[in-house]
Amino acid sequence: MSANPPDLRPDLARARVTEEARPGQPRIGMVSLGCPKALVDSERILTRLRAEGYAISPDYAGAEAVIVNTCGFLDSAKAESLEAIGEALEANGKVIVTGCLGAEPDYITGAHPKVLAVTGPHQYEQVLDAVHSAVPPDPDPFVDLLPPQGVKLTPRHYSYLKISEGCNHACKFCIIPDMRGKLQSRPARAILREAEKLVEAGVKEILVISQDTSAYGTDWKDREQKFPILDLSRDLSTIGARIRLHYVYPYPHVRDLVPLMAEAGPGLLPYLDVPFQHAHPDTLRRMARPAAASRTLEEIAAWRAAFPSLALRSTFIVGYPGETEAEFQTLLDWLDEAQLDRVGCFQYENVAGARSNALPDHVPDEVKEERFHRFMEKAQAISAAKLAAKVGQRIEVIVDAVDTEGATCRTRADAPEIDGNLFIDEAFETLAPGDILTVEVEEASEYDLWGRPV
Ligand code: SF4
């Protein structure tokens, strides 16, 4: 369980590239910060660079220039991005900045005037232009073949799949629509082709991401279906991999998604990552959240009626401006009722440019902190009880990693990086990442499980 939602957590993901560069091959380094959506951008840039004959260097010393893909969602993420740029400048000297923070070039060049170029999110061509001028390409058509799945920064057996860019909402605490623009959904054909390529390359689990997955396709004026996410999910569910949906807003049509979920094997996983953010209608209104008026407990009950073992994950903000003790208490009571499987929580903080900064009645830091701990205590108790109920059950897991101590796996109810794990400490020697097997659960803690293969 994370203290901050994953898309607010600037994780440092360095390229996992093990191939040796050939003599004379131009080499580029990449530091990728931010959310899974930014990771997909990094993967696309690396894929293009590999196709053009560049080698990807896993360290600064071996690189002739370094791309830093930045995150700019929270002020703390911005600071982390500036720090990463500074580190790359010091260690390498030739730095190209891209990503969300690239939407504010003056902010970057003010702190680091020596960067070679600054480009915004999704400006792949401009990044490549900047790379070409810093380090000219030298392609060799006989050896510079792309691996079929492109260059992955995530482990090979799972992959993120971005289905749209931007967002049509205007949540007051969020500046993503300013940075990334309005919703632009990718054509379903292109998404399915990308998913097929991933499956052909050995990917077993596809994590569908966007800012607002339920709204996929609603930006198409001439669409045949009112909610194209339903058709897309149905098509993806037949592709031969486990499909996990993230950032699903609780609109009424989500009720039609749940029956598409599969009990076992590949298909749509019985898992929804729904960013509720709060439960009190007044707080949600002050946040200007999409679906703020929906009766979320009723929606959850309807989803669970259709698929009882559905796993629900969500993220919440505590200490939002104007949040009263009574509003916060409503959130705690709501958690008791909702019985979510996984939750993340973060304390509200101002973000430069966000409209929530100007709201009255900001909550003092010590109150935010206190509410955060009360929230996490409640969430932990719910999680512990839910996991304890799994002891003795036989469940399917996918192996993420194996070392000398054991195998780290995930159940169908757990997304990588953000949810819990199931650990196997015995009879794991023959297992490999990507294996899917059945285990009997033997032990549970607040967030993780332990089991043995059966
Ligand atoms: S739905 Fe709200 S929080 Fe999510 S990207 Fe859009 S504006 Fe930001």
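Coordinates for the structure precede this section.
Residues numbered from 1 in each chain as written. Predicted model: local features only at pLDDT ≥ 70, side-chain atom pairs only at ≥ 80, totals over all residues.

(A) Seen up close, the packing of helix α6 (residues 188-200) against helix α7 (residues 228-236). Interaxial distance between α6 and α7 falls to 11 Å at its minimum, and their mutual angle equals 25 degrees. If you check the angle between α6 and α7, you find them roughly parallel. In this structure, α6 meets α7 at a crossing whose hand is right-handed. Contacts from Ala188, Ile191, Leu192 and Ala195 in α6 reach Pro228, Asp231, Leu232, Asp235 and Leu236 in α7. (Axes fitted to C-alpha atoms, helices over the stretch in contact; angles between N-to-C directions. Helix = DSSP H or I, 4+ residues; strand = E, 2+ residues; numbered from the N terminus. Parallel < 35°, antiparallel > 145°, perpendicular 65-115°, else oblique. Left-handed = near helix turned anticlockwise from the far one by under 90°. Contact = placed C-beta atoms within 7 Å.)

(B) Local environment of the sheet that holds strand β15 (residues 394-402). The strand order around the closed barrel formed by five strands is β15-β16-β17-β19-β18, and the pairing between neighbours is mixed. Pairs of neighbouring strands in the sheet enclose a mean axial angle of 50 degrees, with direction left out of account. Of the strand pairs in this sheet, strand β18 (residues 436-444) and strand β19 (residues 449-453) are connected by five bridges, and their pairing is antiparallel. Looking at the pairing, Val439 lines up with Pro453 of β19. (Pairing = 2+ DSSP bridges.)

(C) Geometry of helix α11 (residues 365-388). Taking 1.5 Å of rise per residue, 24 residues should cover 34 Å, and α11 covers 34 Å from first to last C-alpha, within 8% of that figure. Every buried residue of α11 is listed here: Lys368, Arg371, Phe375, Ala379, Ser383 and Leu387. Among the structural elements, β13 (311-318), α10 (325-338), β14 (342-347), β18 and β19 are those in contact with the buried residues of α11. (Expected span 1.5 Å × (residues − 1). Buried ≥ 20, exposed ≤ 12 C-beta atoms within 10 Å, placed from the backbone.)

(D) Local environment of the sheet that holds β13. The six strands are arranged β7-β10-β11-β12-β13-β14 in an open sheet whose pairing can be described as parallel. The two strands at the open ends of the sheet, each matched to only one other strand, are β7 (158-162) and β14. The sheet shows a mean angle of 20 degrees between the axes of neighbouring strands, taken without regard to direction. As judged from the three bridges shared by strand β12 (residues 267-273) and β13, these two strands associate in the parallel manner. Residue Tyr271 lies in a different strand from β13, and its bridge partner there is Ala311. Seen against the sheet, α6 touches β7 and β10 (205-209) and runs at an angle of roughly 170 degrees to β7.

(E) A look at the site of the ligand. Neighbouring residues of the ligand: Cys167, His169, Ala170, Cys171, Cys174, Ile176, Pro177, Gln211, Asp212 and Pro290. The residue makeup of the shell around the ligand, split by class, is seven nonpolar, two polar and one charged. (Near = placed C-beta within 6 Å. Nonpolar A, V, L, I, M, F, W, Y, C, P; charged D, E, K, R; others polar.)

(F) Local environment of the pairing of β13. Counting buried positions over the eight residues of β13 gives eight, a clear majority of the element. Of the two faces of β13, the one holding Ala311, Arg313, Thr315 and Ile317 and the one holding Leu312, Ser314, Phe316 and Val318 are both buried throughout. Relative to β14, β13 runs parallel, the two sharing six bridges. Residue pairing in the sheet places Val318 in a bridge with Gln347 of β14.

(G) Fine view of the environment of Tyr216. Among the secondary structure elements, Tyr216 is positioned in the loop between β10 and α7. Judged by the 26 C-beta atoms lying within 10 Å of it, Tyr216 is buried. Separated by 124 residues in the primary sequence, Tyr216 and Asn92 have C-alpha atoms spaced 40 Å apart.

(H) Main features of the nonpolar core. Core analysis: the biggest nonpolar cluster contains 103 residues, and Ile28, Val68, Ile85, Ile96 and Ile206 have the highest contact counts within it. Looking at this core element by element, the count peaks at six residues for helix α1 (residues 36-51). Val68 has contacts with Val31, Ala84, Ile85, Ala88, Val95 and Val97, leaving out every residue within four places of it along the chain. Leu387, Ala407, Cys409 and Leu449 belong to the second largest nonpolar core, which has 13 residues in total. (Core = buried A, V, L, I, M, F, W, Y, C linked by C-beta atoms within 7 Å.)

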